[in-house]
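# Remarks on the overall topology
Take a look at the letters that make up each chain.
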Amino acid sequence: MKKLTILLIGVAFGFSATAQEKKTIEVPQWVNNVKFSGYGILQYQGQDKEGAKSNSFNLRLLRLIADGKIGDFDWRAQIQGTNAKGPGEPTVQLIDLYAEWVKHKEFRVKAGQFKRAFTFENPTHPITQGWRGYADVINRLSGFGDRTGEKSSSGRDIGIQIQGDVLPNSSGRALLHYQIGVYNGEGINRSDKNNQKDIIGGLWVMPIQGVRIGAFGWTGSHGGMTTADGTNENVRLNRYAISAEYNKDQYTFRTEYIHSQGWGSGEVGNTTINYALGDKADGWYVFGIVPVIKSKLHAKARYQTYRIAKDWASSVNQIECGVNYFFTKNLELHLEYARVNDRNAAKHNYNLIDAEFDFRF
């Protein structure tokens, strides 16, 4: 019996020591700093456009995100799943992968794949942006379904960027923001095709809280384009944008104008230059979103124009209105009606309705 007691005491001490060893295992701090999140957008959309009537439920997109911090660096990896190619042809791809040195707010350095430094709307979250989609001029001239023919890249590219907030006022709020980046110029998940880089920069002032007034410039080229006779060609690209925004206390007003010079195919993924479109395009939008019931119900209206060949004969004009209803801060319903005037179509005017159920986790 004495031997059995000694044996049991020894086993107990062994388990105790093992437990203590497990408690003293240290997890690296960067692991504790990793945060996983994501969001999804479910959509219903219908339109009565002549020759292209539609009425469909859609899985607009799903995004899974990992954010972290290692020392003075923030990093992000983001994967997107969408039905961009059409029903039954889903696309899953890496859209963000970058690290940013953030030790000084006056001078930060970001490298990897991320949003281009162009326009206020481009980097806006797809849900908090508040509409069924970004304005046409943003989609066509900011690297989504771009006029150049570049594949849809969600406004992103691969490169390196510096940015910062400077000139603090008496309360410490910065009055000036700058950013400039160097990119491949080919969109996401693609190496450079012509060894020539795009340079994009932006500068804006913030004179009072909630207000931004800025300007952006973009110069570069798009490789791998072909002429009608099959000759390989680089397409020069020059763009600028002028932007203004007020965003405070759930009131959001924003307007932007974008001008583009450079040949393109006009079709996403098409590398053949369409000279009939001309080498210039422009567009603008203005919108307001205001609280009807704070944190619960917002009303909205937007006007936008995109001119495919920088003339009114090629313009697409839209007047939109709707509401956004918040079940919780992570669960929203967006409802919208648009009257579209497409002067490229045989019958210019048609109606579009859109409903989106957005959730975050």
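Here goes a summary of the coordinates provided. (Residues numbered from 1 in each chain as written. Predicted model: local features only at pLDDT ≥ 70, side-chain atom pairs only at ≥ 80, totals over all residues. Heavy atoms only, no water.)

### Quick word on the overall build of the chain
Summing up its helical and strand segments, the chain has three helices and 16 strands in all. A principal-axis box enclosing the C-alpha atoms of the chain has dimensions of 100 × 55 × 45 Å. A separation threshold of at least 6 residues defines the contact pool for the chain, and within that pool the share at least 24 residues apart is 56%. Accessible area for the chain stands at about 18400 Å²; split by element, carbon and sulfur atoms hold 61% of it. Where the 44 positive side-chain charges of the chain centre and where its 36 negative ones centre are 6 Å apart. (Helix = DSSP H or I, 4+ residues; strand = E, 2+ residues; numbered from the N terminus. Contact = heavy atoms within 4.5 Å. Areas by Shrake-Rupley, 256 points an atom, 1.4 Å probe, with all protein chains shown as cover. Lys, Arg positive; Asp, Glu negative; His and termini not counted. Charge placed at Lys NZ, Arg CZ, Asp CG, Glu CD.)

### As for unusual backbone geometry
Even without being a glycine, L167 presents a positive backbone phi close to 60°. Residue position: L167 is located in strand β6 (residues 156–168). We classify L167 as exposed; its relative accessible area is 52%. The phi dihedral of N195 is positive, around 60°, even though this residue is not glycine. Turning to its location among the elements, N195 is positioned in the loop between β7 (174–183) and β8 (198–205). Relative accessible area serves as the criterion here: at 68%, N195 is assigned to the exposed category. (Buried < 20%, exposed > 50% of the residue type's maximum accessible area, 1.4 Å probe, protein only.)

### Side note on the packing of aromatic side chains
Following the criterion strictly, the structure yields 19 aromatic pairs and no others. Ring geometry for F118 versus W218: centroids 5.2 Å apart, planes at 75°, classification edge-to-face. Pair noted here: F118 is in the loop between β5 (107–115) and α3 (136–141) and W218 is in strand β9 (residues 211–226), with a separation of 100 residues, a long-range link. W218 shares its class with F118; the two are buried. Site record: aromatic cluster; members linked through ring pairs are F118, F120, W204, F216 and W218. Note that R239 overlies the ring of W218, its terminal NZ or CZ placed 5.0 Å from the centroid. (Phe/Tyr/Trp six-rings, centres within 6.5 Å; stacked < 30°, edge-to-face > 60°. Lys NZ or Arg CZ within 6 Å of the ring centre and 35° of its normal.)

### With respect to the environment of G262
Checked against the element boundaries, G262 lands in the loop between β11 (251–261) and β12 (280–293). The exposure class of G262 is buried, given its relative accessible area of 5%. Separated by 114 residues in sequence, G262 and T148 place their C-alpha atoms 7.9 Å apart. Those residues in contact with G262 that sit more than four places away from it in its chain are R147, V235, R236 and D279.

### Some thoughts on the nonpolar core
By size, the foremost hydrophobic cluster in this structure holds 27 residues, and its most contacted members are F118, V137, I138 and I258. Where this core is concerned, the elements lending two or more residues are α3, β7, β8, β9, β10 (232–248) and β12. The biggest single contributor to this core is β12, with four residues. (Core = buried A, V, L, I, M, F, W, Y, C linked by side-chain atoms within 4.5 Å.)

### A few points about the side chain of T119
Looking at where T119 falls in the secondary structure, it is placed in the loop between β5 and α3. Looking at T119, the relative accessible area reads 3%, which means it is buried. Engagement of the side chain of T119 in a polar contact is seen with the backbone nitrogen of N122, the distance being 3.1 Å. Setting aside residues no more than four positions away along its own chain, T119 makes contact with I138, S142, F216, A241, E256 and I258. (Polar contact = N/O pair within 3.5 Å; in protein donor to acceptor, adjacent residues only side chain to side chain.)

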